[in-house]
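Chain residues, written in single-letter form:
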Protein chains: 2
Amino acid sequence: MFIHQTLQRAVRLFGNKEAIVSGDVRLTYTALEDRIGRLAGALADAGVRPGDHIAVMMLNCHRYLETYFAAERAGAVLAPLNHRLAPAEVSYILNDGGITLLLIDAAFLPVYTACAADLTTLRKVIVAGGERDPRFTDYEQALMAATPMTEVARAWQEDDLVHLYYTSGTTGRAKGVMLSQKNVISNAKHMIINLRLVPDDVFLHAAPMFHLADAWACWTVAWLGGKHVFLREFSAAGFLNLVQRERVSLTLIVPTMINLVINHPDIGSFDIGSLRLVAFGASPMPVDRLVQAMQVLGCGFTHMYGMTETAPLATALAPEEMVPDGTEAYARRLLSCGREVVGVQVRVVRDDGTDVAPGEVGEIVMRGPNVMLGYWNQPDTTAVALRHGWMHSGDLATWDADGYITIVDRAKDMIITGGENVYSTEVEDALYAHPAVLEAAVIAVPDERWGERVHAIVVLREGQSADADALTAHCRSRIAGYKVPRSYDFLPSLPKTGSGKIQKALLRDPYWQGRERRVN
Amino acid sequence: MFIHQTLQRAVRLFGNKEAIVSGDVRLTYTALEDRIGRLAGALADAGVRPGDHIAVMMLNCHRYLETYFAAERAGAVLAPLNHRLAPAEVSYILNDGGITLLLIDAAFLPVYTACAADLTTLRKVIVAGGERDPRFTDYEQALMAATPMTEVARAWQEDDLVHLYYTSGTTGRAKGVMLSQKNVISNAKHMIINLRLVPDDVFLHAAPMFHLADAWACWTVAWLGGKHVFLREFSAAGFLNLVQRERVSLTLIVPTMINLVINHPDIGSFDIGSLRLVAFGASPMPVDRLVQAMQVLGCGFTHMYGMTETAPLATALAPEEMVPDGTEAYARRLLSCGREVVGVQVRVVRDDGTDVAPGEVGEIVMRGPNVMLGYWNQPDTTAVALRHGWMHSGDLATWDADGYITIVDRAKDMIITGGENVYSTEVEDALYAHPAVLEAAVIAVPDERWGERVHAIVVLREGQSADADALTAHCRSRIAGYKVPRSYDFLPSLPKTGSGKIQKALLRDPYWQGRERRVN
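Residues numbered from 1 in each chain as written. Chains lettered and ligands numbered in written order. Predicted model: local features only at pLDDT ≥ 70, side-chain atom pairs only at ≥ 80, totals over all residues.

Colleague: I would appreciate a short explanation of the overall build of chain A in the present structure.
Modeller: Across its full length, chain A holds 16 helices and 27 strands. Taken against the 2.2 N^0.38 rule, which gives 24 Å for 520 residues, the C-alpha radius of gyration of chain A at 23 Å falls within 12% of a compact globule. The dimensions of chain A, computed from C-alpha atoms along their principal axes, are 70 × 50 × 45 Å. For chain A, the proportion of contacts with a sequence separation of at least 24, taken over those separated by at least 6, is 68%. (Helix = DSSP H or I, 4+ residues; strand = E, 2+ residues; numbered from the N terminus. Rg over C-alpha atoms; globule rule 2.2 N^0.38 Å. Contact = placed C-beta atoms within 7 Å.)

Here it is in structure tokens:
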């Protein structure tokens, strides 16, 4: 099975059904097919040949979904770009990935302009929206001028590279995760199973579509004949408005977004009763906030874990497992990201590859049809990540006797202080339990005596106050003394990746300039 | 992914959960794993080597499920045998399939004894139940004596042959359908998606386990960690008893079984409220009976279509599509077997391979990871069935503009009378609408004037009566004159295959002795 077959099915079985709601644009699957065929034709007119690499940098909209399908139909490999990257990062990726054509929102043209002189392989730019610029091809004009490409331009094979996702890579240079048709199609089935997707579902693309945490939904929701609704840029008000107006039933967002939604002052005035399931992932969610979110949104929740390298789903805590039942087992389960999903093998292993005992910390490794081909042009990095067919995640976790996996930290976020391992997430959970704390990040900073020291960066709620002494006293009552932060920074906000993860490396790096930090 | 990984997951994630209810036997997944490991060890002790072909002939029970898993762990190919076959048919299959070991219920030993002298490859027999017989190995003794085989004996590949299903083949010699690991695992995912299987499901193995219509559930329900309940031989009372006692939530049965259940005189005295979904397939169900069944059982229904050659699922009419909504579209849909499921491509084509127009009759063809490797030792038959990667079903059908497929007949069951095509199922539907008719089969018999004549074989309800004239008058008011039966037989019962299909070939063949009947 291939990506184009998911759309073919939707067009044949659900041709007259509304497929797309994007701003003022509403399209049936038949109308969407016509636009995708035209875009594929336009790509061919622009010189794109099967096997070529092209890139896209857009905010969420129907054109992003069209690009995913049209690139594949034209036989090209698509590299979706994080639109928050600096020009130097963009030019690195475009050159490293051998990108020949770029589809870009007019709003991001300054990024292109800033790096244009450095680009070695790019030949063509297609611009969506904005004023017409004679230097570039306009997206809508190209569609109008093109002859629809109704047949796929390439005899795709299951192991062919189809998507190239450059990970935001908190350290080192960006890595291009190579995903095959088999990777993304097998993940689609796993998502259908775990989200119990049905044709009546209305999916809200709320997380950025350059990230696989949302992109999977393009071909997966289409496969079922569901409806796609697009939130151009995330805001709590925008989210709530669309859920209410379009009767959204399903979405996948990250904890920072959930946090914003449930803290929206007018949330009570929105009718969000259509929501049946909110999936979340990308980072763990403090338990207090999770319980609050379930109460406020009043729908099912499922915690999913995975990574771009696993296309992405690997584990899930099912909605019924997240319903409070008052047991101690429930409380433990809620801290976990669930268990391996059907179709993916997941283990927690020691350095020697053997399974850890229940409660012992090890690394999450994964195997299945969803595991990436490797990193583009980085055979050495690939060999480290993929050993004996297992993807090594770099995530530290425990599992219990029933296979529930609880992430304790990213390997590189763990703090080793005086020979003790301190998991940053555990300290953050303690901080989040303080009523004045809106956000918190805990990092390792160098310390003459202890090697590393526990350091906290805190954002306080508006109108609330708490100083270092108050937070230290609060933490002392909740976690062991050696885990309590020794120092604090108070900031108005925390830096986040495009997918909403707090960028701890950005916070940590200034402390380590000129020093080498050893991480397993 | 491979069959053994489905059980591994269940043991690791649901080890202490009840996996098996079979007569008085109750087993957790951990206990089941021990028995399967021991059976695999016993097979190896009996000389079974990776790649060997073995067979099983049993009634439904936990040992049948154990055999499916143990054969694969030992690296063997398993051929499940229809226990209603005559000795000559059994010996043909055992020799054709190169079977070296047979697991058999003691009750079926007479069949083995009757054909033992003709067997060319069989070396060993393991007998389940009955009195100990020194000529054979006893199943339970072998388990007790064996060392559990905890590792799979063979490095399975996805395209390796794992199951060999001899189809009951209504004409010609039996064909061994070769299914690969990929075939049965991809179908497992399709079943999970379409039945919306969850770990809490309790599945009743009610259809015979030698048929893929039930066998798929062995590894699929285990994969999810669900519970297996076994009905040794089908009876309406046995079915209702187990549903009530074990709180069965899900089963897959054939229309003739549903018919028996809903006509059970004491059905009102059983608590069957645990049933959430009844899947049915193998043959179409008259609409009147279907609506009655939905009312009487009060649960969801899903009509599934497929064949052994497609491992088996190809199309499904979803539960929500079967809920009466009073529209004309609903009435049409209910006659259909739904639409292609996610993961399988299904078309209705003309002889030249092009799609038929809505309403035009063509042949159902299917393509996907679930399509068989071919027929064992029959390359010519394989080449006819598998063309350009499409499995040609021999089923005649129409489809509408939305892709709903309605089977009109098996190609060989269609009657051509005076140049008109008469679909036997349409005439049977008319007969079933008569209150005195319990069962009906309509076949082609030779006719001097019209080439073929519409002939009906009817089973009347107990205490009811209707003669040929009454049925003819009834049919005239419902279907065109040329479709009305010209002659009748009244029988106390109709011959059925092990999977519950009426054996029209058995009814038809006597009329055609000494003549050749041409079928497209």
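Colleague: I'm lost on the interface of chain B and chain A in this one. Help?
Modeller: How big an interface is tends to be stated in terms of the accessible area lost upon association of its parts. The interface is formed by 18 residues belonging to chain B together with 18 residues belonging to chain A. When the residues that make up the side of chain B that touches chain A are grouped by side-chain class, the tally is seven nonpolar, four polar and seven charged. (Nonpolar A, V, L, I, M, F, W, Y, C, P; charged D, E, K, R; others polar.)

Colleague: What is the right way to read the environment of A:R173 from this model?
Modeller: Turning to its location among the elements, A:R173 is positioned in the loop between β8 (161-166) and β9 (176-180). Placed 56 residues apart in sequence, A:R173 and A:A117 show a C-alpha to C-alpha distance of 20 Å.

Colleague: Just to check I follow, could you spell out the nonpolar core for this structure?
Modeller: Inside soluble globular proteins, nonpolar side chains tend to come together where they are buried. By size, the foremost hydrophobic cluster in this structure holds 293 residues, and its most contacted members are A:L43 and B:L43. The residues contacting B:L43, other than those within four sequence positions of it, are B:V48, B:A70, B:A71, B:A74, B:A76 and B:L101. (Core = buried A, V, L, I, M, F, W, Y, C linked by C-beta atoms within 7 Å. Buried ≥ 20, exposed ≤ 12 C-beta atoms within 10 Å, placed from the backbone.)

Colleague: Can you walk me through the relation of the copies chain B and chain A in this structure?
Modeller: Both copies of the chain are placed relative to one another by a rotation about an axis and a shift along it. Of the transformation superimposing chain B on chain A, the axial component is 0.0 Å and the angular component is 180 degrees, with the fit at an RMSD of 0.1 Å. Taken together, the rotation and translation relating the two chain copies correspond to the operation of a two-fold axis. Considering only C-alpha atoms, the residue of chain B closest to the rotation axis is B:I193, which sits at 2.7 Å. Most of the interface of chain B is mirrored in chain A, where 100% of its interface residues are also at the interface. (Least-squares fit on C-alpha atoms with pLDDT ≥ 70 in both.)

Colleague: Any chance you could explain the domain arrangement of chain A here in plain terms?
Modeller: Residues and elements named next belong to chain A. Split into domains, chain A comes out as domain 1 (30-184), domain 2 (234-410) and domain 3 (414-512). Between the C-alpha centres of domain 1 and domain 2 there is a distance of 29 Å. Counting only elements with at least two residues in the side of domain 1 that touches domain 2, the list comes to β8, β9 and α7 (181-195). The biggest single contributor to the side of domain 1 that touches domain 2 is β9, with five residues. Taken together, the residues of the side of domain 1 that touches domain 2 break down into seven nonpolar, five polar and three charged. (Domains from an automatic or database assignment.)

Colleague: Looking at this structure, I do not really get the confidence of the model for chain A. What am I missing?
Modeller: Per-residue confidence for chain A averages 93 on the pLDDT scale, and 98% of its residues sit at or above 70. With pTM at 0.86, the complex prediction returns an ipTM value of 0.84. (pLDDT = per-residue confidence, 0-100.)

Colleague: Before we go on, may I ask you to explain the sheet that holds strand β10 (residues 202-205) of chain B in this structure?
Modeller: Note on sheets: strands pair through backbone hydrogen bonds, and any given pair is parallel or antiparallel. All names here are of chain B. Strand order in the open sheet formed by nine strands is β2-β1-β11-β10-β12-β13-β14-β15-β16, with mixed pairing between adjacent strands. Edge strands, defined here as strands with exactly one partner in the open sheet, are β2 (25-28) and β16 (339-340). As paired elements, β10 and strand β12 (residues 250-253) share two bridges and run parallel to each other. Of the residues in β12, the one forming a bridge with F203 is L250. With respect to the sheet, helix α8 (residues 212-224) is in contact with β10, β11 (227-230) and β12, its orientation differing from that of β10 by roughly 150 degrees. (Pairing = 2+ DSSP bridges. Axes fitted to C-alpha atoms, helices over the stretch in contact; angles between N-to-C directions.)

Colleague: Is there a simple way to explain the packing of helix α2 (residues 29-45) of chain B against helix α3 (residues 62-73) of chain B in this structure?
Modeller: The angle between the axes and the distance between the axes are what describe a pair of packed helices. Residues and elements named next belong to chain B. The geometry of α2 relative to α3 is characterised by a closest axis approach of 8 Å and an angle of 55 degrees between their N-to-C directions. Looking at the two axes, α2 sits oblique to α3. For the pair α2 and α3, the crossing hand works out as right-handed. Contacts from R35, I36, L39, A40 and L43 of α2 reach α3 at E66, T67, F69, A70, A71 and R73. The class makeup of the residues in the contact of α2 with α3 is seven nonpolar, one polar and three charged. (Parallel < 35°, antiparallel > 145°, perpendicular 65-115°, else oblique. Left-handed = near helix turned anticlockwise from the far one by under 90°.)

Colleague: I'm lost on the packing of helix α10 (residues 255-262) of chain B against helix α11 (residues 287-297) of chain B in this one. Help?
Modeller: Residues and elements named next belong to chain B. Between α10 and α11, the least distance of the axes is 10 Å, while the angle of their chain directions is 50 degrees. With respect to α11, the axis of α10 lies oblique. Both α10 and α11 take part in a crossing whose hand is left-handed. Of α11, the residues touching α10 (which contributes I258, N259 and I262) are R289, Q292, A293, V296 and L297. For the contact of α10 with α11, the per-class residue count stands at five nonpolar, two polar and one charged.

Colleague: Looking at this structure, I do not really get helix α4 (residues 87-96) of chain A. What am I missing?
Modeller: Helical geometry note: an α-helix holds 3.6 residues per turn, so side chains three or four residues apart project in the same direction. Residue and element names in this part refer to chain A. Regarding α4, the residues found buried are V90, S91, I93, L94 and D96. Summarising the contacts, the buried residues of α4 are in contact with β3 (53-57), β5 (99-105), α5 (109-115), β8 and β9. Of the residues one or two after α4, G98 is the one with positive phi, at around 60 degrees.

Colleague: Which parts of the structure should I look at to understand unusual backbone geometry?
Modeller: Trans peptide bonds make up the majority, and among non-glycine residues the majority have a negative phi. Across the junction of A:A311 and A:P312, the peptide omega takes the value -15 degrees, indicating a cis bond. Within the secondary structure, A:P312 sits in the loop between β14 (300-306) and β15 (313-317). A positive phi angle, near 55 degrees, is found at A:H388, a position not held by glycine. Here A:H388 is to be found in the loop between β20 (386-387) and β21 (390-399). With 8 C-beta atoms counted inside 10 Å, the residue A:H388 sits in the exposed group. One non-glycine residue, B:N377, lies in positive phi territory at about 60 degrees. Examined against the element boundaries, B:N377 turns out to sit in the loop between β19 (374-375) and α13 (379-385).

Colleague: Is there a simple way to explain the sheet that holds β15(A) in this structure?
Modeller: All names here are of chain A. Ordered in space as β2-β1-β11-β10-β12-β13-β14-β15-β16, the nine strands form an open sheet in which the pairing is mixed. In this open sheet, the two edge strands, each paired with only one partner strand, are β2 (25-28) and β16 (339-340). With four bridges joining them, β14 and β15 adopt antiparallel strand pairing. Residue pairing across strands places G306 opposite L313, the latter belonging to β15.

Colleague: Would you mind going over the pairing of strand β15 (residues 313-317) of chain B with me for this structure?
Modeller: The side chains of a regular strand alternate, residue by residue, between the two faces of the sheet. Residue and element names in this part refer to chain B. A large share of β15 lies buried, amounting to five of its five residues. Hairpin connection between strand β14 (residues 300-306) and β15: a loop of six residues separates the two successive antiparallel strands, and A311 in this loop has a positive phi of roughly 65 degrees. Bridging between β15 and β16 involves two bridges; their strand directions are antiparallel. The partner of A316 across the bridge, within β16, is R339.

Colleague: What is the right way to read α10(B) from this model?
Modeller: Residue and element names in this part refer to chain B. Summarising burial for α10: six of the eight residues are buried, a large majority. Turning to α10, its buried residues number three or more, namely P255, T256, M257, I258, N259 and V261. The elements touched by buried residues of α10 are α9 (236-246), β12, β13 (277-280) and α11.

Colleague: I tried to follow the pairing of strand β6 (residues 124-128) of chain B on my own but got confused; where do I start?
Modeller: Residue and element names in this part refer to chain B. In this structure, strand β5 (residues 99-105) lies alongside β6, joined through five bridges in parallel fashion. Looking across to β6, one finds that I104 is bridged to V127. On the question of chirality, the crossover connecting β5 to the parallel β6 by way of helix α5 (residues 109-115) is right-handed. Sheet topology note: the β6/strand β7 (residues 137-138) ladder contains two bridges and is parallel. Along β7, the bridge assignment pairs V127 with D138. (Right-handed = clockwise from strand over helix to strand, strands pointing away.)

Colleague: How should I be thinking about the environment of A:R38 in this particular structure?
Modeller: All names here are of chain A. Looking at where R38 falls in the secondary structure, it is placed in helix α2 (residues 29-45). For the pair R38 and E426, spaced 388 residues apart in sequence, the C-alpha separation works out to 51 Å. When neighbours within four sequence positions are excluded, R38 is seen to be in contact with L143, A146 and P148.

Colleague: What is the right way to read the environment of A:V341 from this model?
Modeller: All names here are of chain A. Along the polypeptide, V341 turns up in the loop between β16 and β17 (345-349). Sequence separation between V341 and Y305 is 36 residues; the distance between their C-alpha atoms is 9.8 Å. Here V341 is in contact with H190, N194, L313, A314, T315 and A316, once residues within four sequence places are set aside.

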